[in-house]
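Chain and residue survey
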Number of protein chains: 4
Amino acid sequence: MTRLDQIKSDVLAANRGLPHHGLVTMTWGNVSAIERESGLVVIKPSGVAYDDLTIDSLAVLSLNGEQVGGGLQPSSDTPTHLVLYRAFSEVGAVVHTHSRWATAWAQAERPIPALGTTHADYFGGDVPVTRPLTKAEIEGAYEAATGDAIVEAFTGRDPDRVPGVVVARHGPFAWGPTAASAVENARVLEEVAALALHTVLLAPDRGPIDPALLDRHFRRKRGPDAYYGQPEEQPVTHSSR
Amino acid sequence: MTRLDQIKSDVLAANRGLPHHGLVTMTWGNVSAIERESGLVVIKPSGVAYDDLTIDSLAVLSLNGEQVGGGLQPSSDTPTHLVLYRAFSEVGAVVHTHSRWATAWAQAERPIPALGTTHADYFGGDVPVTRPLTKAEIEGAYEAATGDAIVEAFTGRDPDRVPGVVVARHGPFAWGPTAASAVENARVLEEVAALALHTVLLAPDRGPIDPALLDRHFRRKRGPDAYYGQPEEQPVTHSSR
Amino acid sequence: MTRLDQIKSDVLAANRGLPHHGLVTMTWGNVSAIERESGLVVIKPSGVAYDDLTIDSLAVLSLNGEQVGGGLQPSSDTPTHLVLYRAFSEVGAVVHTHSRWATAWAQAERPIPALGTTHADYFGGDVPVTRPLTKAEIEGAYEAATGDAIVEAFTGRDPDRVPGVVVARHGPFAWGPTAASAVENARVLEEVAALALHTVLLAPDRGPIDPALLDRHFRRKRGPDAYYGQPEEQPVTHSSR
Amino acid sequence: MTRLDQIKSDVLAANRGLPHHGLVTMTWGNVSAIERESGLVVIKPSGVAYDDLTIDSLAVLSLNGEQVGGGLQPSSDTPTHLVLYRAFSEVGAVVHTHSRWATAWAQAERPIPALGTTHADYFGGDVPVTRPLTKAEIEGAYEAATGDAIVEAFTGRDPDRVPGVVVARHGPFAWGPTAASAVENARVLEEVAALALHTVLLAPDRGPIDPALLDRHFRRKRGPDAYYGQPEEQPVTHSSR
């Protein structure tokens, strides 16, 4: 199986998995992944129900958006995904949904503060919110401008340390090294958004956690100091501490 | 299969689908559809559980409410549906539910503001709330007066651009060209109501989105500028961007 | 089948149904019913999981609490149920749960206002909250005192018009002519409590609905003016309008 | 079957049960239990999905943390569990989760007040919140310091009377005589947290219940005065009153 075939298989499984994670109403959500050697991006076709997806229906594009090989017309959000792949060199997959709790933060135009260790286990800081787009951006290359606003929101931030964002008035995007990890991050972002909203209802003025606690939890799961899971495990596991 | 038979089949399926979409507690909800050539309306019979519905149990009425053919006694909300068919010439089907989030807005007598793109993808503006009915209306032809109040709320609005409303102190109505699209709009209205309620909890003073963003999203999915889905698709799809 | 056997069968089915209606966490809830001719009350035995209930495990008591026939030890809430049967002569069955939304109102010591027609379809006025019990009542015949406080809350109210209550700091009780209708009222009370809580979040100062609207909806479903359902139906149906 | 084998079997079942109780997102949660005679603690291995757990994968440790026998590397939360077993001599099992409602209280750094009888049936007072950890504690033996902060929060409190806590900015821990009762307490703590949060939204200034009511309910289910369930039942049952 070639690397691209593996990625197509991962993208198919990740898109099909979105409903099972409770991340989509109707079928509002899409997953893409990139094969970095060839620079080819595989993404959900536009307007196809998850259950009808097949390997051959997936759209394959170059990093500048030219569709290659077969596949149906790509998601209309494709330009946003491509901007992220071009700007964030370590990102291997991107997920976009309208999941309820994260979308509430997006519509409120508020970043999701790091209020607890659940957040810190996956996101090494506040999850930023993008600036509103200008009228010209909205009426022009809107989806690409959405990607540009995300990249702008990460000025001075590390997208590998904070693998998600809420797009103002729209909804969340999340990413990761693989399609499965990007979906995991989207799922955690949704739960973290729910926890933060209810925390704010109980304590409107509660600020972010101690940076030392943020780092401790983030580094328990990542990098050279990671100390959980079994020795042969991946740095990021799906399991409990 | 005649057009009317097709519509009966659609109405049966749409009514039976309501519980699966999480739109009804007990069985509080009904769907109707109209065959415009003959002006015949098919609607759920009153007081029959969804699972007990059959094609022959569906009530068939003329636009002025005379029951024709067989079928059981129609839903007591029928006069409301008929007013909408008479006033909104493009509407092909109507759905009424007491779904939780939309009903909270109805009881609060607040329109649902267009706070994000999820709203804009289906509703081209705020979802209006009707005015309270007068004592005379309540004690007179109540259900017809409910319909009149909905039509009144759309003075200066396009019911095809905003395919739903919340009836003050009661609950939501939604509509569309077909029974399936009306149920889809009812389902999206419920999710949009949930998103808006939680957005308001996070940002009580947040106003509606930029009209340019509203139009961009609304027109991505409708009319000559629609640019998503596959070429042969319907202007409105059930799928993700 | 004797009347009492029928009631035992109804009580068994109603208790077993509580988890399916989402009304119980763990197994916090119980249903009883009375056979008015003999004055015998059938109630869930104490400390028995729903799935383990059998006809023979049900406790049968006289209206003054003497256990007759076989059956296990009755629910410790039995004295509350008996007070209601003695005071409310039309009540045929009683349900107690700790369902989430109604219990939040109970803990807040707030009556559930009639904020919309969903409420009015089943409850002909606000759902009252009981007064707090005195230390003497709490340390004495606590469960009977709980019943007395419910009866006291209905001074000047008709328990058939408002078939439920929230007990201060405790949770909801609901009732009806039969075990099935009492469970239906408990289920509607829970949904009405959820609707009211979210309505209050959107419009803290919103008062009850117009009494004319309250009556119109309450009487659509009950009594001589009821005009929905099919001719041969019961005055109270489980179905949609 | 030896006592230790029985405990391993209980711990396996309790960990596998967490997802079914809706207490875990992803697989954020772990259960341990102690065999007091030998002082051996059995705990979930780190980074293993619930469905992949086996008896042999469970980690077995001495009370001072030395791993004995086989098993995989223990949960990184193990030092917290061990501190609780050393400090609370009656505790037989400990559960940690990130369940949504209890975690919101933890992130808000607010104790969960005893606002109603549902709380009082299982927790004989407010559920305390721990103090924030110091930078030195966070950067040092963090998990053990978390346990110390829990023990500190119980200064002057009885951990058998209040079998749970919310750890500031982190989430809930609960315990009990057995793995099954600890999971039951974790599940009730989550429901109590949900009830309390919504009660606070309805009545921000509502204080705890009357101590007499708290004691009455707590003692209905425990100790010499317990008067529910069937004669031969355990003092704590899983069933309704």
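Definitions and limits used
Residues numbered from 1 in each chain as written. Chains lettered and ligands numbered in written order. Predicted model: local features only at pLDDT ≥ 70, side-chain atom pairs only at ≥ 80, totals over all residues. Heavy atoms only, no water. Helix = DSSP H or I, 4+ residues; strand = E, 2+ residues; numbered from the N terminus. Expected span 1.5 Å × (residues − 1). Contact = heavy atoms within 4.5 Å. Buried area = accessible area lost by both parts, 1.4 Å probe. Salt bridge = Lys/Arg side-chain N within 4 Å of Asp/Glu carboxyl O. Polar contact = N/O pair within 3.5 Å; in protein donor to acceptor, adjacent residues only side chain to side chain. Nonpolar A, V, L, I, M, F, W, Y, C, P; charged D, E, K, R; others polar. Least-squares fit on C-alpha atoms with pLDDT ≥ 70 in both. Pairing = 2+ DSSP bridges. Axes fitted to C-alpha atoms, helices over the stretch in contact; angles between N-to-C directions. Parallel < 35°, antiparallel > 145°, perpendicular 65-115°, else oblique. Left-handed = near helix turned anticlockwise from the far one by under 90°. Phe/Tyr/Trp six-rings, centres within 6.5 Å; stacked < 30°, edge-to-face > 60°. Buried < 20%, exposed > 50% of the residue type's maximum accessible area, 1.4 Å probe, protein only. Lys NZ or Arg CZ within 6 Å of the ring centre and 35° of its normal.

Here we look at helix α1 (residues 3–17) of chain D
- The first and last C-alpha atoms of α1 of chain D sit 21 Å apart over 15 residues, in line with the 21 Å expected at 1.5 Å per residue.
- Looking at the packing, one finds that the buried side of α1 of chain D touches β1 (29–35), β2 (40–43), β3 (59–62) and α7 (179–202) of chain D.

Remarks on the interface of chain B and chain C
- The interface of chain B with chain C comprises 39 residues on the first partner and 41 residues on the second.
- Between chain B and chain C, the buried area comes to about 3,400 Å², and carbon and sulfur atoms account for 51% of it.
- The interface formed by chain B and chain C holds four salt bridges in total.
- Of the charged contacts in the structure, one is a salt bridge between R216 of chain C and E143 of chain B, with a shortest N-O distance of 3.7 Å.
- At the junction of chain B and chain C, the tally comes to 14 residue pairs in polar contact (both at pLDDT 80 or more).

Section: the interface of chain A and chain D
- Of the residues lining the interface, 41 residues belong to chain A; the matching set on chain D comes to 39 residues.
- Summed over both sides, the interface of chain A with chain D buries roughly 3,400 Å², with 51% coming from carbon and sulfur.
- The partner of E191 of chain A in a salt bridge is R100 of chain D, with the nearest N and O atoms 2.6 Å apart.
- Here chain A is connected to chain D by 14 residue pairs in polar contact (both at pLDDT 80 or more).
- Secondary structure elements with two or more residues in the side of chain A that touches chain D: α4 (117–120), α7 (179–202) and α8 (211–220) of chain A.
- Counting residues per element, the side of chain A that touches chain D draws most heavily on α7 of chain A, at eleven residues.
- Tallied by class, residues from the side of chain A that touches chain D come to 17 nonpolar, 13 polar and eleven charged.

Some words on the relation of the copies chain B and chain C
- Structural alignment of chain B on chain C gives an RMSD of 0.0 Å, achieved by rotating through 90° and translating 0.0 Å along the axis. Taken together, these values place the two copies in the relation of a four-fold axis. Measuring from the rotation axis to each C-alpha of chain B, the shortest distance belongs to L201 of chain B, at 5.6 Å.
- When the interface residues of chain B are mapped onto chain C, a mere 5% of them again fall at the interface, so the copies present different faces.

Remarks on the sheet that holds strand β4 (residues 93–97) of chain D
All names here are of chain D.
- The strand order across the open sheet built from six strands is β3-β2-β1-β4-β6-β5, with neighbouring strands paired in antiparallel fashion. Lying at the two open borders of the sheet, with one neighbouring strand each, are β3 and β5 (164–167). The sheet shows a mean angle of 20° between the axes of neighbouring strands, direction not considered.
- Pairing geometry for β5 and strand β6 (residues 171–176), over four bridges, is antiparallel. Directly across from V166, in β6, lies its bridge partner P172.
- Packing of α1 onto the sheet brings it into contact with β1, β2 and β3, and relative to β1 it is tilted by some 165°.

Notes on the packing of helix α3 (residues 100–107) of chain B against helix α7 (residues 179–202) of chain C
- Between α3 of chain B and α7 of chain C, whose axes approach to 8 Å, the crossing angle comes to 55°. Considering the angle they form, α3 of chain B stands oblique to α7 of chain C. Between α3 of chain B and α7 of chain C lies a crossing whose hand is right-handed. For the pair α3 of chain B and α7 of chain C, the contacting residues are R100, W101, T103, A104, W105 and Q107 of chain B in the first and E191, A194, L195, A196, H198, T199 and L202 of chain C in the second.
- Here the contact of α3 of chain B with α7 of chain C is composed, by residue class, of seven nonpolar, four polar and two charged.

Comments concerning the packing of aromatic side chains
- By the definition in use, this model includes 16 aromatic pairs over all chains.
- Ring geometry for F88 of chain B and F154 of chain B: centres 5.6 Å apart, planes at 65°, overall edge-to-face. Remark: F154 of chain B occurs in the loop between α6 (142–153) and β5 (164–167) and F88 of chain B occurs in the loop between α2 (78–87) and β4 (93–97); sequence separation between them is 66 residues.
- Using a relative accessible area of 6% as the deciding quantity, one classes F88 of chain B as buried.
- Three or more aromatic residues link up through ring pairs in this structure, and these residues are F88, F154 and W175 of chain A.
- Across the ring face of Y122 of chain A, the terminal group of R222 of chain A is positioned such that the distance to the ring centre comes to 5.6 Å.

A closer look at unusual backbone geometry
- Residues other than glycine seldom take positive phi values, yet R169 of chain A does so here, at roughly 65°.
- Tracing the backbone shows R169 of chain A in the loop between β5 (164–167) and β6 (171–176).
- Looking at R169 of chain A, the relative accessible area reads 9%, which means it is buried.
- A positive phi is found at E109 of chain D, a non-glycine position, where the angle reads about 55°.

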